[in-house]
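Structural overview
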Amino acid sequence: MSLGRLLDQSLGFLSQYMHFPCPPHPDTLDQLEAYTDLPVGTLFPPPPADPAIQIGRSMPWLGCRRELLQMPSAHRCLHPDYAARHATDYRNNHTLWARRISPIRSHHPDLLIYAHGWMTPGAKIEELALMPWAHRHFGADIVHLDLPFHARRQPAGSRVQGSYYWTADLVRTVEAVRQSVMDIRTLLRWARQQGYRRVGVAGVSLGGVLTMLTACAEPDLDFACPIVAHTNLSAALETAPILAAMRRDLIRSNVSLLQVNELMGRVGFGSYPLAMDKERMLMVAAVDDLYLQPEHVLADWERWGRPPIHWIGGGHMMIFPNMVPVWLRLSQLIHEVAPLHGPPA
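Our subject in this report is the structure included herewith. Because the structure is a prediction, the values reported are computed rather than measured. (Residues numbered from 1 in each chain as written. Predicted model: local features only at pLDDT ≥ 70, side-chain atom pairs only at ≥ 80, totals over all residues. Heavy atoms only, no water.)

Some thoughts on the pattern of salt bridges
Note the following rule: We define a salt bridge as a side-chain nitrogen of Lys or Arg found within 4 Å of a carboxyl oxygen belonging to Asp or Glu. In DSSP terms, a helix is any run of H or I states spanning at least four residues, a strand is any run of E spanning at least two, and both are numbered starting from the N terminus. Exposure classes here rest on a 1.4 Å probe applied to the protein chains alone. A residue is buried below 20% of its type maximum, exposed above 50%, and partly exposed in between.
The tally for this structure, following the rule as stated, stands at 18 salt bridges. In this structure, the salt-bridge partner of R99 is D146, at a minimum N-O distance of 2.9 Å. Taken together, the positions of R99 in strand β3 (residues 95–102) and D146 in the loop between β5 (140–145) and α6 (170–193) put the pair 47 residues apart, joining distant regions of the chain. Take R99 and D146: they sit in the same class, and that class is buried. The salt bridge involving R303 is made with D300; its shortest N-O contact spans 2.4 Å. Here the residue R303 and the residue D300 both occupy positions in helix α11 (residues 294–303), the gap between them amounting to 3 residues, near one helical turn. Several salt bridges share partner residues, and in doing so they unite E33, D37, E262 and R266 into one network.

Concerning the side chain of H116
Here is the rule we go by: Distance and chemistry together define a polar contact, namely a pair of N or O atoms within 3.5 Å, with one atom able to donate a hydrogen and the other to accept it when in protein, and with adjacent residues in sequence counting only for side-chain atoms on both sides. Residue contacts follow a heavy-atom distance rule, with two residues in contact if any of their heavy atoms lie within 4.5 Å.
By the element assignment, H116 lies in the loop between β4 (110–115) and α4 (124–129). Here the side chain of H116 touches L147 through a polar contact of 3.2 Å, landing on its backbone nitrogen. The residues contacting H116, other than those within four sequence positions of it, are E126, H144, L145, D146, L147, H150, V204, L206 and G207.

Let's talk about the pairing of strand β8 (residues 283–286)
A regular strand places its side chains on the two faces of the sheet in alternate fashion. Which entries qualify depends on this criterion: DSSP bridges decide pairing: two strands pair if at least two such bridges lie between them. Think of it like this: strands point away, you trace from the first strand over the helix to the second, and a clockwise trace means the crossover is right-handed.
Covered by surrounding structure in β8 are M283 and A285 together with V284 and A286, the residues of both alternating faces. Direction of pairing for β8 relative to strand β9 (residues 309–312): parallel, over a ladder of 4 bridges. Each residue of the ladder has a partner; that of M283, found in β9, is I309. In this region the chain leaves β8, passes through α11 and returns to the parallel neighbour β9; the handedness of that crossover is right-handed.

Here we look at the packing of aromatic side chains
Quick note on the threshold: The pairing test for Phe, Tyr and Trp rings, Trp by its six-membered ring, is centres within 6.5 Å, and the orientation test on the planes gives stacked under 30 degrees, edge-to-face over 60, and tilted for anything in between.
Following the criterion strictly, the structure yields 8 aromatic pairs and no others. Considering the side-chain rings of Y90 and Y164, the 6.1 Å spacing of their centres and the 85° angle between planes classify their relative orientation as edge-to-face. With Y90 in the loop between α3 (80–89) and β3 and Y164 in the loop between β5 and α6, this residue pair connects regions lying 74 residues apart in the sequence. Y164 sits in the buried class, given a relative accessible area of 9%. Here the aromatic rings of Y114 and W327 are separated by 5.9 Å at their centres, their planes lie at 40°, and the arrangement is tilted. Linking Y114 in strand β4 with W327 in helix α12 (residues 323–337), this pair joins segments that are 213 residues apart in sequence.

What about empty space enclosed by the protein?
How we decide: Here a cavity means grid points, on a 1 Å grid over the protein atoms only, where a 1.4 Å probe fits yet cannot get out; a pocket means an open set of points with protein on both sides within 12 Å along at least five of seven lines; lining residues are those with an atom within 4 Å of a point. Grid points are joined across faces, edges and corners, and a volume is the space filled by probe spheres set on the points. Note that Gly is not counted as nonpolar here; it falls among the polar residues with everything else outside the nonpolar set of Ala, Val, Leu, Ile, Met, Phe, Trp, Tyr, Cys and Pro and the charged set of Asp, Glu, Lys and Arg.
Tallied over the full model, the rule gives 3 cavities of 30 Å³ or more. In this structure, the second largest cavity encloses a volume near 50 Å³. In terms of lining, the second largest cavity is formed by L43, F44, P45, H75, R178, V181, M182 and R185. Per element, the largest residue contribution to the lining of the second largest cavity is 4 residues, and it comes from α6. Class assignment for the residues of the lining of the second largest cavity results in 5 nonpolar, 1 polar and 2 charged.

Now the structure itself:
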């Protein structure tokens with residue numbers, strides 16, 4: 001077994017114990033039918049045309065400026081039973097929270113919306129290790145979104161970041177994905193209001209999946225970079241070591257994984273075409289990925305007409321020591337699409 005696969009397997013095994021103890025997750029399999037066979041515009045409706053995002057006090061941050069962004073999330077639940085739970089049980093999740101990283105006295109002409117991975121410890125790692133360098137190298141401001149059930153949006157009963165995101169509560173899982181895409185698109189609309197020349201989205205792992213789904217739902221996207229991600233979530237549920245706790249909880253609830261996979265396949269995440277020009281997407285994949293496996297990445301790549309793709313050695317977790325070359329490739333993509341949009345206003 002390669003080092004990358006061994007690391008993926010080991011972290012997947014350890015992740016099972018991060019969820020103990022956790023409250024029982026309701027069996028919502030019978031409600032999942034409401035999300036199947038829907039057009040992309042129904043599953044992922046458009047964001048508000050004029051989002052009123054509040055910009056908090058500017059703070060110096062490692063040679064750049066860090067501003068807190070917030071507004072009520074525009075997400076609307078599809079199933080009425082979950083809508084009632086969302087309104088009362090997950091109040092922390094009602095607000096969109098993000099941070100903008102930019103030069104201290106100005107703003108770059110372009111903006112990158114960044115979606116983090118599942119169970120990441122808030123904003124600190126990327127904002128300490130990568131974003132101060134990345135925004136200067138790109139010549140782009142970066143907006144780092146807190147995904148649902150993470151950071152400030154973490155429910156009181158959640159022991160670790162994102163422990164309410166991928167769970168045996170399948171409707172909550174699908175709604176978390178829907179809300180994530182809505183929040184990303186809301187930030188995109190706001191960025192257009194702010195006068196940015198080009199706006200794109202990038203994300204790692206879960207953030208990469210959300211980047212792909214945003215690229216299927218949002219035509220007004222200048223570039224996208226999904227990193228170690230694919231859209232076949234039923235396949236990930238069946239095999240990914242990091243989703244072992246989710247599989248365990250489904251089996252304990254006497255839920256058939258075969259039925260779950262059939263319904264999740266009909267939700268449509270892995271069937272939508274791109275809404276953007278494929279040449280503006282850079283896919284990044286790992287050759288030994290055990291979480292989001294390369295054969296499913298290639299299925300998305302083929303379905304979307306073979307957009308540019310960059311391969312790294314090792315497994316899923318090896319993306320982190322490879323982030324600098326990946327961001328350099330993304331910077332190249334951003335500059336290649338520049339002639340398509342003209343100079344800043």
